[in-house]
Every structure is written in structure tokens, then in C-alpha cells.
Amino acid sequence: MSANDFEERVVTVPLRDARAAPSNERADKAMSLVREHLAQHFKVEESEVRLDPSVNEAVWEQGRNNPPSKLRVRAARFVEDGEPTVEAETAD
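Criteria and cut-off values
Residues numbered from 1 in each chain as written. Predicted model: local features only at pLDDT ≥ 70, side-chain atom pairs only at ≥ 80, totals over all residues. Heavy atoms only, no water. Helix = DSSP H or I, 4+ residues; strand = E, 2+ residues; numbered from the N terminus. Contact = heavy atoms within 4.5 Å. Polar contact = N/O pair within 3.5 Å; in protein donor to acceptor, adjacent residues only side chain to side chain. Pairing = 2+ DSSP bridges. Core = buried A, V, L, I, M, F, W, Y, C linked by side-chain atoms within 4.5 Å. Buried < 20%, exposed > 50% of the residue type's maximum accessible area, 1.4 Å probe, protein only.

Take the environment of Ser54 next. On the secondary structure map, Ser54 appears in helix H2 (residues 53-60). Sequence-wise, Ser54 and Glu25 are 29 residues apart; in three dimensions their C-alpha atoms are separated by 20 Å. Beyond its immediate stretch of four places on either side in the chain, Ser54 contacts Glu89 and Thr90. Here the side chain of Ser54 touches Thr90 through a polar contact of 3.3 Å, landing on its backbone nitrogen.

Structure follows, in C-alpha cells:
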């Protein structure tokens, strides 16, 4: 595996657009925003982004109606079975 096959970064994902969704769908929208943001910045398809349960817990921590306004995640891009993949977990 060469150095170009693996890339890791800590990314701050803005979730303020989740406030535009109805209050009972905000956490769902926030999860979609995390996936979209990582797919865009790591140049992969949204289906290739894997989110750790810690990301889900951080978004849903304050309930469905009140997700955080931003979230820091540690994301790694690598090639698995010839496909680029991104895995993300919350950053401390």
C-alpha cells in the first residue's frame, strides 16, 4: 500500500443547515449532512462513507430536535477492494 492510498484528517462538519428541516427531522438531516460533507471533501460517493456509531451518538445526544451546530470528526480515506472508502469517528 503506497502513501497515496491512505489519508487521515480531522474535519469540522457544519450542521447549521439541519435547522432548516422540520424540528422532528433535524437529527436525521444532520446525519445526512455529515455524510454529504465527508463525501464532498474526500471525493468519494456518499455510499462509500462509513460512519462510526460514535458519530451517531454525538448527533443524537441532545435529542431529535436539537442536534449540535457543528461536529468534529476524524476521517480516514483509503482504498479497499479497489474502491475508495472513508471511515469517520468523532474527534476528541
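The next point concerns the pairing of strand E3 (residues 70-80). Both strand E1 (residues 6-14) and E3 contribute to a ladder of 9 bridges, which runs antiparallel. The residue bridging Val11 from the neighbouring strand is Val73, located in E3. By the bridge criterion, 8 bridges tie E3 to strand E4 (residues 83-90) in an arrangement that is antiparallel. Bridge pairing in E4 links Ala75 to Ala88. Counting the residues that bridge the hairpin from E3 to E4 gives 2 residues, and of these Asp81 lies at a positive phi of roughly 55 degrees.

Among the nonpolar cores identified, the biggest contains 21 residues, and Leu15, Val34, Leu38, Leu71 and Val73 are the most heavily contacted of them. The set of elements that each furnish at least two residues to this core consists of E1, helix H1 (26-42), H2, E3 and E4. When residues in this core are grouped by element, the largest group, 8 residues, is from H1. When residues no more than four places from it in sequence are discounted, the contact partners of Leu71 are Val11, Thr12, Val13, Leu15, Val34, Val55, Ala58 and Val59.

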